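# Structural features, examined
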There are 2 protein chains.
Amino acid sequence: MMAEIICVGTELLLGQIVNTNAQYLSQRLASLGIDLYFQTTVGDNLNRLKSAIDIALKRSDILIFTGGLGPTSDDITKEAVCEYFGKKLILNQEVLNKIEEYFKHRGVKMPEINKKQAYVPKDSIILENRHGTAPGLIIEKDGKIAILLPGPPFEMQPMFEEYVVPYLEKFSKEKIYSRVLKFIGIGESSIEERLSELIHNQSDPSLALYAKPFEVELRISTKKSNGALAKDILDQMESKIRALLGEYIYGIDNQTLEEVVVEMLLQKGLKVSVAESCTGGLICNKITNVPGASNVFDRGFITYSNEAKVKELGVSEETLKNFGAVSHEVAKQMAQGALKNSLADIAISTTGIAGPTGATKTKPVGLVYIGVATKNYIDSFEFRFSGDRLRIKETASKAALDILRKTIINY
Amino acid sequence: MMAEIICVGTELLLGQIVNTNAQYLSQRLASLGIDLYFQTTVGDNLNRLKSAIDIALKRSDILIFTGGLGPTSDDITKEAVCEYFGKKLILNQEVLNKIEEYFKHRGVKMPEINKKQAYVPKDSIILENRHGTAPGLIIEKDGKIAILLPGPPFEMQPMFEEYVVPYLEKFSKEKIYSRVLKFIGIGESSIEERLSELIHNQSDPSLALYAKPFEVELRISTKKSNGALAKDILDQMESKIRALLGEYIYGIDNQTLEEVVVEMLLQKGLKVSVAESCTGGLICNKITNVPGASNVFDRGFITYSNEAKVKELGVSEETLKNFGAVSHEVAKQMAQGALKNSLADIAISTTGIAGPTGATKTKPVGLVYIGVATKNYIDSFEFRFSGDRLRIKETASKAALDILRKTIINY
């Protein structure tokens, strides 16, 4: 079975958004072992969309559409596909109820035009949209398949994973199984050097490195007919790599640094509090992105002004005057204060210059101090990060979470 | 003249990279006033690329290719286009010298395979590559035009700006000028209903709606021969829309809600403090993403535990017991506490259930209360958001920033 992706939306032809849907779907099709030879993008125009469908059906078996399922008059994907497949659109009461519920849940009455989204073709598979109003659809006819998905990634991706993946799995014998090892505290080139034999002397499993801000991912991939077979291969390679670089690996696959840290805190029954200056709430935000964070995250102090550092964390005005807010001393006092003024077992702190302004001769943009305190340990670390304000906040927050991770290990 | 973009590269079909070239070229073509109706992505395969060229030439006049100009054997864009246009590839000594210089400059001898890149078709326009070895090409035949550009954006973009823009400008008298109005607190369908006449009863300027999480963008576009003319049209349409929905418009073009809020605080000389429970630091993080936030953001209290709400914000244990942490009453007391315990003029607060756990019969996931306090005003608002934990945090933080925005307006 050959698949083709057709992305519908004039905003794509105007370059108003980058087509992340095409990348996401391509990645997932590859991992499902389904061949993809063409991606097409077309605007919200019935005739041009129909011509794209015509071309695609001549060279592909599975057409995956994204976009054009909205309630407005220029959303025409469903109409075009049904016209082409000769299917009538019929009002589906169940779908209509779901859409009305969606609005009711928001305390809003459903606008009349949304009723359009409750019309679905006869004998089609309806894919529930848990994050929006447009249901997805799978339409089969004469051995060809059309899969219609909404455009917004936060609606499309969960729908694809929940309904489309199980549907597509039956079409391919071999899948690509892969596992990602996540490194922190070591650079891409050092990893490449240390693993060069493993990387270059084999084709399956294959190893590929990807550098991310302040971390590196290593993807191990193997093509196998079943998961058990693949698991052995991946396990063997993972242990080979861990034997060489295990200390730098904080997690696997989609685990985030904050998820790993929250899990470690849960297992040791520890609580953390956070005092942030230059990261401005990003560390608290990352930790509280993890479900269940409330069991390990006590509170955070976003002390942007010096007055706040003094009042909320008991940083001494003397220290601020002598060393400045961006210093080892203040980072330590912030961490101590966050520990003392909370119910936490570990506290971390950040103070630095995120830029673009605020730099001095001796303190450049990117200079960041990260403090850590427990009841019997206190320390601080100096970093010099590069990039713009957001990048410095991001790397500083990751560095702080990694220091927290190591502190938990040794707690 | 109608253009079509053809991106060549198997890495795009495998989803290993996101297709930013398609967005970049689409944006530039739109602003140049050249119509683009299709984008096609195809892998490094001669026959499939030739079939894509065949289809494109039937519906478009200008074909813009990116990728497949490298030195390796699977780089076949130049070969495919020349085969299709019946053009012979001839070694160009000048180009070869440039490529050899490129390597010499790096102290490396030119690998033999790079010689392939010095072969160009007769009577084609050669576009110098200042950032790599593959020259770009413009090939004209029988009123059709093929423009071949390298795949790496840092090579493609400067080449496009320096050579292709001047070449394309002669094909359109008019350019497209556009302005984006950013709405919050009103849904896409409601805007469509309220503006239906404006949207449907005209073609220039055109109006297009795009829904984003908790906000909607409306793009006004007009095709004009010069910017002054366009500005009048855009201004007129903007004021028509503001007359109908002005209260919901928070900014234009690339402005973010937090940038607008920080700017408004600066202009009125006000400071804000934030008390976050369910948003867990996201609001503070957004505000501190804005350069210069330190002038208007005093501090934030991330009070996840009830004990923190009591100690840091003076929320009464009585109130927590009687109404629960997720309530109008607690939201108000959090905002009052954040105002009292800071140097701020306005304080906002959030308390809610971000999920996936924590819901009760009467308090579902997505229930969020947002409080606001100034020295002579205090209020709170109830919201019921849907989606997963991250989406609920995101929408709640935007709702809070919008309440802050309205509070500043009325301050």
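The structure presented is a predicted model; accordingly, all values stated were derived computationally and were not measured.

## Focus on the interface of chain A and chain B
- Contacts between the two partners involve 68 residues from chain A and, on the opposite side, 71 residues from chain B.
- Here chain A meets chain B over a buried area of about 5700 Å², counting both sides, of which 54% is carbon and sulfur.
- Summed over the shared surface of chain A and chain B, the result is 4 salt bridges.
- Here R299(B) makes a salt bridge to E312(A), at a shortest N to O gap of 2.9 Å.
- On the surface where chain A and chain B come into contact, there are 36 residue pairs in polar contact (both at pLDDT 80 or more).
- The greatest single-element share of the side of chain A that touches chain B, amounting to 7 residues, is contributed by strand β2 (residues 35-42) of chain A.
- Examined bridge by bridge, β2(A) and strand β2 (residues 35-42) of chain B share 5 bridges and lie antiparallel to one another. Residue pairing for β2(B): T40(A) is matched across the bridge by T40(B).

## Focus: the packing of aromatic side chains
Residue and element names in this part refer to chain A.
- Scanning the entire structure with this criterion turns up 12 aromatic pairs over all chains.
- Ring geometry for F214 against F385: centres 6.0 Å apart, planes inclined by 85°, an arrangement best described as edge-to-face. Here F385 lies in the loop between β17 (377-384) and α15 (389-409) and F214 lies in the loop between β10 (206-212) and β11 (215-224), a separation of 171 residues in the sequence.
- Clustering of aromatic rings is evident, with ring pairs tying together F214, F383 and F385.
- The ring of Y102 has R106 lying over it, and the distance from NZ or CZ to the ring centre is 3.7 Å.
- The side chain of K170 reaches across the aromatic face of Y167, ending 3.8 Å from its centre.

## Notes on the nonpolar core
- Within the largest apolar cluster, 72 residues are counted, with the highest numbers of intra-cluster contacts made by I287(A) and I287(B).
- Those residues in contact with I287(B) that lie beyond four places of it in its chain are E258(B), V262(B), V272(B), V274(B), A293(B), F297(B) and L401(B).

## What about the UniProt feature "domain: MoaB/Mog" (unreviewed entry) in chain A?
- Per the UniProt record, the feature "domain: MoaB/Mog" (unreviewed entry) sits at residues 4-170 of chain A.
- The distance from the first to the last C-alpha atom of residues 4-170 of chain A is 17 Å, and the span holds 41% helix and 23% strand.

## Points about the side chain of T41(A)
- Within the secondary structure, T41(A) is located in strand β2.
- Leaving out residues up to four positions away in the same chain, T41(A) has contacts with C7(A), L12(A), L13(A), N19(A), Y37(B), F38(B) and Q39(B).

Calculation criteria
- Residues numbered from 1 in each chain as written.
- Chains lettered and ligands numbered in written order.
- Predicted model: local features only at pLDDT ≥ 70, side-chain atom pairs only at ≥ 80, totals over all residues.
- Heavy atoms only, no water.
- Contact = heavy atoms within 4.5 Å.
- Buried area = accessible area lost by both parts, 1.4 Å probe.
- Salt bridge = Lys/Arg side-chain N within 4 Å of Asp/Glu carboxyl O.
- Polar contact = N/O pair within 3.5 Å; in protein donor to acceptor, adjacent residues only side chain to side chain.
- Helix = DSSP H or I, 4+ residues; strand = E, 2+ residues; numbered from the N terminus.
- Pairing = 2+ DSSP bridges.
- Phe/Tyr/Trp six-rings, centres within 6.5 Å; stacked < 30°, edge-to-face > 60°.
- Lys NZ or Arg CZ within 6 Å of the ring centre and 35° of its normal.
- Core = buried A, V, L, I, M, F, W, Y, C linked by side-chain atoms within 4.5 Å.
- Buried < 20%, exposed > 50% of the residue type's maximum accessible area, 1.4 Å probe, protein only.
- UniProt positions renumbered as here; feature names shortened; annotations may be inferred.

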